[in-house]
Amino acid sequence: MKSALISVFYKDGLAPIAQQLHALGITIYSTGGTQQFLEKEVGVPCIGVETLTHYPSILGGRVKTLHPAVFGGILGRRAEAQDMAEMQTYAIPEIDLVIVDLYPFEETVAATREEAKIIEKIDIGGPSMIRAAAKNFKDVMVVAAKEDYVALLQLLQQQHGATTIEQRRAFAAKAFEVVMHYDMAIHQYFTPPEKTVEQVLRYGENPHQQAAFSGHLSTLFQQLHGKELSYNNLVDVEAAIQLLLDIKSVAREPVFAIFKHTNVCGIAERPTLKESWEAALAGDPESAFGGVLITDHVVDAATALAIQEIFFEVLIAPGFDAEALSILQLKKNRILLQLQPNIQLHKQQQKTLLNGMLQQTADEGNIVEYKEVGGRKTTAEEKENLLFANLVCKHLKSNAIALVKNKQLVGKGCGQTSRIDALRHAIEKAQQFHFSLEGAVLASDAFFPFNDCVQIAHAAGIQCYIQPGGSIRDKDSIDYCVENNLAMVFTGLRHFKH
């Protein structure tokens, strides 16, 4: 890379990337608020895009980057002599890295009914630059979401500004997905709402409570077998799908997870689906009874036979082999759900509260940064397990602790009123099912208020930790890790779940 274009709405996690680009001698082009942030708050020099376009930001900010000098630099094919000659003729610089995110359209729709404000949050230049960079992935790296900042920073640090075609293609695929979801949200806003389908449920959380579901379940999955989904089934299915959508960012092999009362009580990643199931079940075979199961792979016959040995309520998968389906359908009430391709859950969450409505954006992402603060650096294997554990912990009720070893949940503490109780519970669970915690890693959904959690975990054999950080007493935990040569990572992203 020789040059980068940065134009973002969200500045979280951007500073270390800009600093690394500057350290590598990479020229940074930027716009408006992003340029001010980088120059004034981060201390990194930038070149304003208007020096390329020779136009200021006009029409109230609607037109800033829509210019051949910008798009030529992104779309120019380095291997095409005519492209390069034209770029030289018109003094268009090559742009090798594009970091652009999108205006918060969904958040604005959730926050206001003023159409003028909503319309102004329809991004035009952002999606155009993202699509252009992704199209030209053979020459250009594109980052379209802050969730990918950590991965980009690692590439910049480890590869000194160079990228491979495989890496650029992978980031391009993510970029097209971001734009696709954004366009779908805008389409939904402009499309008159369909008549809501209401399904009366057998009962609510308890038999004496009435319940109904309003929505379109068919957009997410097809029910292949079993009784009608209950209120509690639907709540657990939502939790399971949320985890599945998250875990794909860190999993390379088949994953199987088991849910009970919206908490993940077993999860593992292994070379085969059957092995993943067996490892997930081994993490807590007691809690798995009557649970909701989910996997990211098509269920085969061997796995179906293994699953058949326990009682469960629901199994969710992207597909089922014919033989596996016939095995699993032997129990008439067992619910089998086949996921639709490329599903997305709403980015906005709502909850009735105090005779009103509470709204928030979904808890997206895993970490903002991967900041080593302990007495030693994490190994590559530890890092994989830490990122896996952090996502698992995100899907446990707070206060939550997840203990992971070899991509397997071996102990968990959730829904506790103190973090130290969650830790004790997690350790007890691991010991109950005879797991050694030597080599295990620990994830916490929020910061350690004191160093007692690190001390107790260390005594149990754990030497590697991941947590958001942010306590006024972070230094106590850091000092303990330094003194005892333990690894600790701060993520900068809390994952409370109530």
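Before reading on, note that the structure itself is shown above.
As a starting point, this report considers the structure included with it. (Residues numbered from 1 in each chain as written. Predicted model: local features only at pLDDT ≥ 70, side-chain atom pairs only at ≥ 80, totals over all residues. Heavy atoms only, no water.)

### Re the side chain of Q408
Residue position: Q408 is located in the loop between β17 (401-404) and β18 (409-413). Judged by its relative accessible area of 9%, Q408 falls in the buried class. Excluding anything up to four places from it in sequence, Q408 contacts I267, A268, R270, A279, A282, G283, F388, L403 and F435. (Helix = DSSP H or I, 4+ residues; strand = E, 2+ residues; numbered from the N terminus. Buried < 20%, exposed > 50% of the residue type's maximum accessible area, 1.4 Å probe, protein only. Contact = heavy atoms within 4.5 Å.)

### Some thoughts on the nonpolar core
Judged by nonpolar contacts, the single largest core of 52 residues is most densely connected at F221, L229, V237, F259, I267 and I316. With eight residues, the top contributor of residues to this core is helix α11 (residues 231-247). Listed in part, the 30 residues of the second largest apolar core include V100, M129, F137 and V142. (Core = buried A, V, L, I, M, F, W, Y, C linked by side-chain atoms within 4.5 Å.)

### Re the environment of K274
Within the element layout of this structure, K274 appears in helix α12 (residues 273-283). Through-space distance from the C-alpha of K274 to that of V142 is 37 Å; in sequence the pair is 132 residues apart. Aside from chain neighbours lying at most four places away, what touches K274 is A302, T303 and A306.

### Regarding the pairing of strand β9 (residues 255-260)
Among the six residues in β9, five count as buried, and that is most of the element. Note: β9 against strand β10 (residues 263-269), six bridges, orientation antiparallel. Across the sheet, the residue bridging to K260 is N263, located in β10. Taken together, β9 and the strand that follows it, β10, pair antiparallel across an intervening segment of two residues, in which H261 is found at a positive phi of about 55 degrees. Across four bridges, β9 lies against strand β11 (residues 291-295) in antiparallel orientation. The partner of F259 across the bridge, within β11, is V292. (Pairing = 2+ DSSP bridges.)

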